[in-house]
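Residue-level structural notes
What follows is each chain in one-letter form.
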Number of protein chains: 2
Amino acid sequence: MIWSQKTREELLACRDQAAAELEAYRAQSLKLDLTRGKPSAEQLNLSSGMLGVITHADDCFSESGLDCRNYGILDGLPETKQLFADLLGIKPERIIVAGNSSLNLMFDTVVRCMLFGVRGGYEPWGRQGRIKFLCPSPGYDRHFAICRSLGIEMIPIPMTPEGPDMKQVRMHVCSDPSVKGIWCVPKFSNPEGVTYSDAVVEELASLRPAAPDFRIFWDNAYAVHELYDEEVPLADIFALAEENGTVDNIFYFASTSKISFPGSGVAIMAASENNIHQIKPILSTQTIGFDKINQMRHVKYFGDADGIHAHMRRHAAVLRPKFDAVLDILEAELGGLGIADWTSPRGGYFISLNTMDDCARRVYRLAKSVGVALTEAGATYPYGCDPRDRNLRIAPSFPTLPEITAATKVLCTCVKLASAEKLLEE
Amino acid sequence: MIWSQKTREELLACRDQAAAELEAYRAQSLKLDLTRGKPSAEQLNLSSGMLGVITHADDCFSESGLDCRNYGILDGLPETKQLFADLLGIKPERIIVAGNSSLNLMFDTVVRCMLFGVRGGYEPWGRQGRIKFLCPSPGYDRHFAICRSLGIEMIPIPMTPEGPDMKQVRMHVCSDPSVKGIWCVPKFSNPEGVTYSDAVVEELASLRPAAPDFRIFWDNAYAVHELYDEEVPLADIFALAEENGTVDNIFYFASTSKISFPGSGVAIMAASENNIHQIKPILSTQTIGFDKINQMRHVKYFGDADGIHAHMRRHAAVLRPKFDAVLDILEAELGGLGIADWTSPRGGYFISLNTMDDCARRVYRLAKSVGVALTEAGATYPYGCDPRDRNLRIAPSFPTLPEITAATKVLCTCVKLASAEKLLEE
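All figures in this text were calculated on a predicted structure; none of them were measured in a lab.

1. Things to note about the sheet that holds strand E10 (residues 340-342) of chain A
Residue and element names in this part refer to chain A. A sheet is described by the order of its strands in space; here three strands give the open sequence E10-E11-E13, paired in antiparallel fashion. In this open sheet, the two edge strands, each paired with only one partner strand, are E10 and strand E13 (391-394). With direction set aside, neighbouring strand axes in the sheet form an average angle of 25 degrees. As defined by bridge partners, strand E11 (residues 351-355) adjoins E13 across four bridges and the pair is classed as antiparallel. From the neighbouring strand, Ile351 faces E13, where its bridge partner is Ile394.

Shown next, in the form of structure tokens:
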């Protein structure tokens, strides 16, 4: 029965029952954590073999004879470029293989735009007064943190099941030359697990920005991170941009953080030849080169793109039961009550839960009060401010199945309590 | 006999002999390279054992139980901090252990100052109009490249055998608030191999800068890189700065690039607690964390500071004969002629050669014409401009002993030819 149709007496009973359940949880002194998209030890163990593929000096030579241990090569080993090229369908000459973190590459890329501008001799963003980024929301808090730290104004754009609301995107990008960028997690978006539809990718690729130095930050963090057997296709942004003559607008990022090791993976940036041509001299001022032994380790362990796909099926086998457990409990506890809805992602690292308006912070605090840590309410919005105060991000990857089960049950109780309180107020 | 005292006829004979020698070299189709401070394969092999210290998941846990493979810890593993703390005599809480490159840390640090300013709420350097760095010269070309790319004006400061000319340093730093920094390679400086005297370090530590946001960039790249048995001491800049109340002025950098592997080492930044407190939140926007498995690899392989010192003696045993060969040939070929002088470094990676004024570029080109690559003349000065056109940097580490011997003989011939030409012009 939809709770909004309940009588006051019935709601009071719901509230009291949820409150009683919460007290019972409190008595258990729980310490559970659904906060961050962190692989579990079981997942990390899937890559243990990678630790043993380079143990001698002889293992450190590239096909071309280059000694990976020494200085040399700014933009990545050719074979590592090829591995990512095959995996992501990007020309190798558009790829820079870097260190362990795509976040670092994204931060550095925004910083480069602030201080040096983008190719074409445009004024550095940092000298153009107030500039803005579009932030499809809910979204990834660390993207928003980059903008916030650099004083870039953030404009939230609503997410739809197909991707960002392109009407709003177009309106801002095509009319306002101070809009310099948009953050996109185009596949299994953080936190909703949305994969942008072909139409949305096509529209993004065909944007005619008011700013000649506008860039799409394409953070393909979950490019091969399917949870179920069916592959979820994502349109090829570079191909579409090529057709539309906008290829310089794309800055593409990916990493193996959730393929091999989160702290010790390999990250890439990809961009048009024009962009790479502008970026490399600046990058060569920043570093002589990245860790090529680790790049080689990834090539030797995975072999080729098929090797990574096979590896990702093993990750999925570990992750799937955890996602299924969360979804089953949400459905069993909250299904049909009209007080919450949630996503059923086909990949990625998160489930996004929307409570009734004005309830997410209350749920976050209630859960915290009984020992269940959730990502802070609001974190998925620019400035930490969810205008409807309803979005919560659930990250099921790191805890064990029993922990996830327990934590999700607590979460459901908190949603019920907050919802009953809210309905009683009205 | 001093060449300046030779008759015109004698000089013509010298010139012709050198020219004839050079033609003989040309006939050999040499391909020799004395350009960059790159360890040789023999040196890299000294660290081969490091490749095998982490081969299983069990090897990835820190003393505290932290799983190095996963996310967690922004500023470095405690045991890696301790290793650098013991090695360099710095409090561990002042250290951030990062990725593979101190150059990257230095670039990022200057960039952070440009965009965020230093601690204390000062205006970011990038918003203060024209700012300047002091550049003790000859110096490290990549330091100068950072300033140049960011539009920071460079003021060359002459080097003395004790370090930078402190009279000039003091004059600029204490009178000009647009002077924001100074680049220092305080031990075995690049390229001269000068180690700053205690008096110079003390003077640097006691500077009262006109700019409240002035910083000393202390690039201790060759902290433990002695070539001979005697240890060359360097005064403790942090201790002296502490005594002088200037500890916030110090940004300290070091790495294992020339201890373990140049492309796959571990770099650190060290700074006062106040500075670290300001830097860490910005760093946490840039990255979730650095490669902790590689940090652990260094701890497991070296064990402790003594382990590194023992390792460096093995590097010295490989490098010493190469430095000695260069020095012996320089002395045999150019000693007593009054046309060149050079340094006899006790450590580091370079020998600095000064020709007669206006001859360095000519020597560089002559050597290149017969297949011997030298670091480009001028590279050791800001803007690539050596005002006296006399400094050449010799990097003996990478080539084999026969290659170095051959290349240095060619170099001496080129110096003789250029000097004879120069003296004949006068």
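2. As for the interface of chain A and chain B
How big an interface is tends to be stated in terms of accessible area lost as the parts join. The interface of chain A with chain B comprises 55 residues on the first partner and 55 residues on the second. Between chain A and chain B, a total of about 4300 Å² is buried, with carbon and sulfur atoms accounting for 57% of that surface. Our enumeration of links across chain A and chain B arrives at zero salt bridges. If you look at where chain A meets chain B, you find 18 residue pairs in polar contact (both at pLDDT 80 or more). Of all the secondary structure elements, the ones that give two or more residues to the side of chain A that touches chain B are helix H2 (41-45), helix H4 (102-116), helix H5 (141-149), helix H9 (273-286) and helix H10 (292-302) of chain A.

3. Observations concerning the relation of the copies chain A and chain B
The operation relating the two chain copies consists of a rotation about an axis and a shift along that axis. Of the transformation superimposing chain A on chain B, the axial component is 0.0 Å and the angular component is 180 degrees, with the fit at an RMSD of 0.0 Å. Interpreted geometrically, this transformation is the action of a two-fold axis. Mapped onto chain B, 100% of the interface residues of chain A are again interface residues, and the two copies thus contact each other with one and the same surface.

4. Re the nonpolar core
Core analysis: the largest hydrophobic core is formed by 72 residues, its most contacted members being Trp183 of chain A together with Trp183 of chain B. Once residues lying within four places of it in the same chain are set aside, the contact partners of Trp183 of chain B are Met106, Val110, Phe133, Leu134, Cys135, Pro136, His143, Phe144, Ile146, Cys147, Tyr196 and Phe217 of chain B.

5. Focus: the pairing of strand E9 (residues 267-271) of chain B
It is a general feature of regular strands that their side chains alternate between the two faces of the sheet. Residue and element names in this part refer to chain B. Judged by how many residues are buried, E9 sits mostly within the fold: five of five residues are covered. Going residue by residue along E9, you find Ala267, Met269 and Ala271 tucked away on one face and Ile268 and Ala270 tucked away on the opposite face as well. By the bridge criterion, three bridges tie strand E2 (residues 95-97) to E9 in an arrangement that is antiparallel. By the bridge assignment, Ile95 is partnered in E9 with Ala270. Across five bridges, the pairing between strand E8 (residues 250-255) and E9 is antiparallel. Considered in E9, the bridge of Ser255 is made with Ala267.

6. A short note on the confidence of the model for chain A
Taken over all residues, the pLDDT of chain A has a mean of 97, while the share at 70 or more is 100%. Predicted complex metrics record ipTM = 0.97 and pTM = 0.97.

7. Considerations on the side chain of His225 of chain B
Residue and element names in this part refer to chain B. Here His225 shows up in the loop between strand E7 (215-219) and helix H8 (237-244). Side-chain polar atoms of His225 contact the backbone oxygen of Lys258, separated by 3.5 Å. Leaving out residues up to four positions away in the same chain, His225 has contacts with Phe188, Lys258, Ile259, Met312, Gly347, Gly348 and Tyr349.

8. Remarks on the packing of aromatic side chains
For the structure on display, the rule yields 20 aromatic pairs over all chains. Pairing Phe217 of chain A with Phe251 of chain A gives two aromatic rings, centres 5.5 Å apart and planes at 85 degrees, and the pair type is edge-to-face. Of this pair, Phe217 of chain A sits in strand E7 (residues 215-219) while Phe251 of chain A sits in strand E8 (residues 250-255), placing them 34 residues apart in sequence. Neither Phe217 of chain A nor Phe251 of chain A differs from the other in exposure class; each is buried. For the cation-ring pair, Arg346 of chain A lies above Tyr228 of chain A, with the distance from its terminal atom to the ring centre recorded as 4.1 Å. We note Lys38 of chain B situated over the ring of Phe398 of chain B; from NZ or CZ to the ring centre the distance is 4.8 Å.

9. Here we look at helix H6 (residues 166-175) of chain A
Residue and element names in this part refer to chain A. Residues of H6 that are buried include every one of Met166, Val169, His172 and Val173, and no others. Across the axial projection of H6, the buried residues extend over an arc of 130 degrees, all falling on one side. Relative to its buried face, H6 has exposed residues pointing more than 90 degrees away, namely Lys167 and Ser175. Among the structural elements, strand E3 (132-137), strand E4 (153-160), strand E5 (163-164), strand E6 (179-184) and helix H7 (198-205) are those in contact with the buried residues of H6. In this structure Asp165 caps H6, since a side-chain oxygen of it lies 3.0 Å from the backbone nitrogen of Lys167.

10. Quick look at the environment of Val118 of chain A
Residues and elements named next belong to chain A. Relative to the elements of secondary structure, Val118 occurs in the loop between H4 and E3. For Val118, a relative accessible area of 4% gives the class buried. The sequence separation of Val118 and Asp328 amounts to 210 residues, and the corresponding C-alpha distance is 47 Å. Contacts of Val118, omitting those with residues within four sequence positions, involve Cys113, Trp125, Asp213, Arg215 and Gln278.

The rules behind the values
Residues numbered from 1 in each chain as written. Chains lettered and ligands numbered in written order. Predicted model: local features only at pLDDT ≥ 70, side-chain atom pairs only at ≥ 80, totals over all residues. Heavy atoms only, no water. Pairing = 2+ DSSP bridges. Helix = DSSP H or I, 4+ residues; strand = E, 2+ residues; numbered from the N terminus. Axes fitted to C-alpha atoms, helices over the stretch in contact; angles between N-to-C directions. Contact = heavy atoms within 4.5 Å. Buried area = accessible area lost by both parts, 1.4 Å probe. Salt bridge = Lys/Arg side-chain N within 4 Å of Asp/Glu carboxyl O. Polar contact = N/O pair within 3.5 Å; in protein donor to acceptor, adjacent residues only side chain to side chain. Least-squares fit on C-alpha atoms with pLDDT ≥ 70 in both. Core = buried A, V, L, I, M, F, W, Y, C linked by side-chain atoms within 4.5 Å. Buried < 20%, exposed > 50% of the residue type's maximum accessible area, 1.4 Å probe, protein only. pLDDT = per-residue confidence, 0-100. Phe/Tyr/Trp six-rings, centres within 6.5 Å; stacked < 30°, edge-to-face > 60°. Lys NZ or Arg CZ within 6 Å of the ring centre and 35° of its normal. Arc of directions from axis to C-beta.

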